[in-house]
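Reading the structure
One-letter residues, chain by chain:
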Amino acid sequence: MAYNLLKGKKGIIFGALDEKSIAWKTAQRCKAEGAELVLTNAPIALRMGTINKLAEEVNAPVIPADVTSEADVTNLFEKTMEHFNGGVDFVLHSIGMSINVRKNIPYTENNLEFTHKGLDISAVSLHRVLQAAMKLDAINEWGSVVALTYIAAQRVFPNYNDMADGKAMLESIARNFGYYYGVQKKVRVNTISQSPTLTTAGSGVKGIDGFINFAEKMSPLGNANADNCADYCVTMFSDLTKMVTMQNLFHDGGFSYTGVTPEVIESMSKE
Ligand code: NAI
């Protein structure tokens, strides 16, 4: 069901790789709520993924940008402003990557070159995006920026590896940049801390299936899926959440505040 929550709004969606991507579902929901979109992803992801199918469906141009490149990110905002003949009202940062996770390198033995690259893609990129946007005045007043994160930023989930450090940094950048952008232009910046979700990035985490089941049993409402996350992003882009900024917002069916549940205790107790 659509409510026209984003009627007249324009936005950039980073990170739609395939139909499972949270960004993909968010683009579809934003379109259904009346928004006009620009889609972007890394050039290599554009070659490997199926983003053109989404672009057709939501009637949006695709502008390549590797988020580790300042030139690419600047070009993305310039082209987007040309396309819309003005600034945007919302940005979704839905980007994460760890080479250590991908190569199965344990946290205590991380290749720190890989760590560096992973932090650049997964966390510093939010600063790069916000800095480029601010310089070009590319986000309209009361605009809303959302980045996706995970609770491993606050608590240890061993298989999440160095992505945990990336998420902690991402949340910190959202808070700090949110302060400055709020003062300067009433632009708000938040992170949404999503339940574990079976996507390409999610599947990279070792033992993700067991982990998803555990989280499901530990959440009073069950796990939030990618469609639920897309709905939450829409509300954050809408004017109904105008005064929310610099927050890390848990979207996890109650997982983050649950100590233990009968189901988990039962699975642990011996007969
Ligand atoms: P996904 O694999 O569909 O999306 C990750 C995206 O990052 C891909 O589109 C990929 O091309 C893009 N990306 C990687 N390197 C890039 C670069 N250099 N420049 C530009 N884009 C680049 O997976 P998913 O799950 O939709 O991930 C989206 C966000 O949600 C990520 O930040 C992830 O950490 C976060 N998240 C995911 C959870 C999960 O369990 N799947 C749980 C909580 C947060």
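Definitions and cut-offs
- Residues numbered from 1 in each chain as written.
- Predicted model: local features only at pLDDT ≥ 70, side-chain atom pairs only at ≥ 80, totals over all residues.
- Heavy atoms only, no water.
- Helix = DSSP H or I, 4+ residues; strand = E, 2+ residues; numbered from the N terminus.
- Rg over C-alpha atoms; globule rule 2.2 N^0.38 Å.
- Contact = heavy atoms within 4.5 Å.
- Areas by Shrake-Rupley, 256 points an atom, 1.4 Å probe, with all protein chains shown as cover.
- Lys, Arg positive; Asp, Glu negative; His and termini not counted.
- Charge placed at Lys NZ, Arg CZ, Asp CG, Glu CD.
- Salt bridge = Lys/Arg side-chain N within 4 Å of Asp/Glu carboxyl O.
- Buried < 20%, exposed > 50% of the residue type's maximum accessible area, 1.4 Å probe, protein only.
- Near = heavy atom within 4 Å.
- Polar contact = N/O pair within 3.5 Å; in protein donor to acceptor, adjacent residues only side chain to side chain.
- Nonpolar A, V, L, I, M, F, W, Y, C, P; charged D, E, K, R; others polar.
- Axes fitted to C-alpha atoms, helices over the stretch in contact; angles between N-to-C directions.
- Parallel < 35°, antiparallel > 145°, perpendicular 65-115°, else oblique.

1. Side note on the overall build of the protein
Helix and strand counts for the protein stand at eleven helices and six strands. Computed over its C-alpha atoms, the radius of gyration of the protein comes to 18 Å, within 12% of the 18 Å expected for a compact globule of 271 residues. Principal axes of the C-alpha set define a box for the protein whose edges measure 65 × 45 × 40 Å. Long-range contacts, defined here as pairs at least 24 residues apart, represent 76% of the contacts in the protein between residues at least 6 apart. With an accessible surface of roughly 13200 Å², the protein has 54% of that area assigned to carbon and sulfur atoms. Within the protein, one finds 25 positive and 29 negative side-chain charges whose respective centroids are separated by 2 Å.

2. Details of the pattern of salt bridges
The full count for this structure, using the stated rule, is seven salt bridges. The closest approach of N and O atoms between glutamate 33 and arginine 29, which form a salt bridge, is 3.2 Å. Per residue, the accessibility class of glutamate 33 equals that of arginine 29, and both read buried. A salt bridge links aspartate 137 to lysine 185; the nearest nitrogen and oxygen atoms lie 2.7 Å apart. Linking aspartate 137 in the loop between helix H6 (112-136) and strand E4 (139-149) with lysine 185 in helix H7 (residues 163-185), this pair joins segments that are 48 residues apart in sequence. Its relative accessible area of 41% is what places aspartate 137 among the partly exposed residues. Look at lysine 185 and you get buried, because its relative accessible area is 18%.

3. A short note on the site of the ligand
The environment of the ligand is formed by 28 residues, the closest being Gly15, Ser21, Asn41, Thr197 and Thr199. Taking asparagine 41, its side chain carries an N or O atom lying 2.8 Å from an oxygen atom of the ligand. Note that an oxygen atom of the ligand is positioned 2.4 Å from one of the side-chain N or O atoms of threonine 199. Bound to the protein, the ligand loses 92% of the 820 Å² it would expose on its own. Sorting the residues of the shell around the ligand by element identifies E4, H7 and helix H8 (200-203) as the ones contributing at least two each. Looking at which element gives the most residues to the shell around the ligand, the answer is H8, with three residues. Residue composition of the shell around the ligand, grouped by class: 14 nonpolar, twelve polar and two charged.

4. So, the packing of helix H1 (residues 22-32) against helix H3 (residues 51-58)
Two numbers describe a pair of packed helices, the interaxial angle and the distance between the axes. Relative orientation of the contacting elements H1 and H3 amounts to 10 degrees, with a least axis distance of 10 Å. What the angle tells us is that H1 and H3 run roughly parallel. Contacts between H1 and H3 involve Trp24, Ala27, Gln28 and Lys31 from the first element and Ile51, Lys53, Leu54, Glu57 and Val58 from the second. When grouped by side-chain class, the residues that make up the contact of H1 with H3 number five nonpolar, one polar and three charged.

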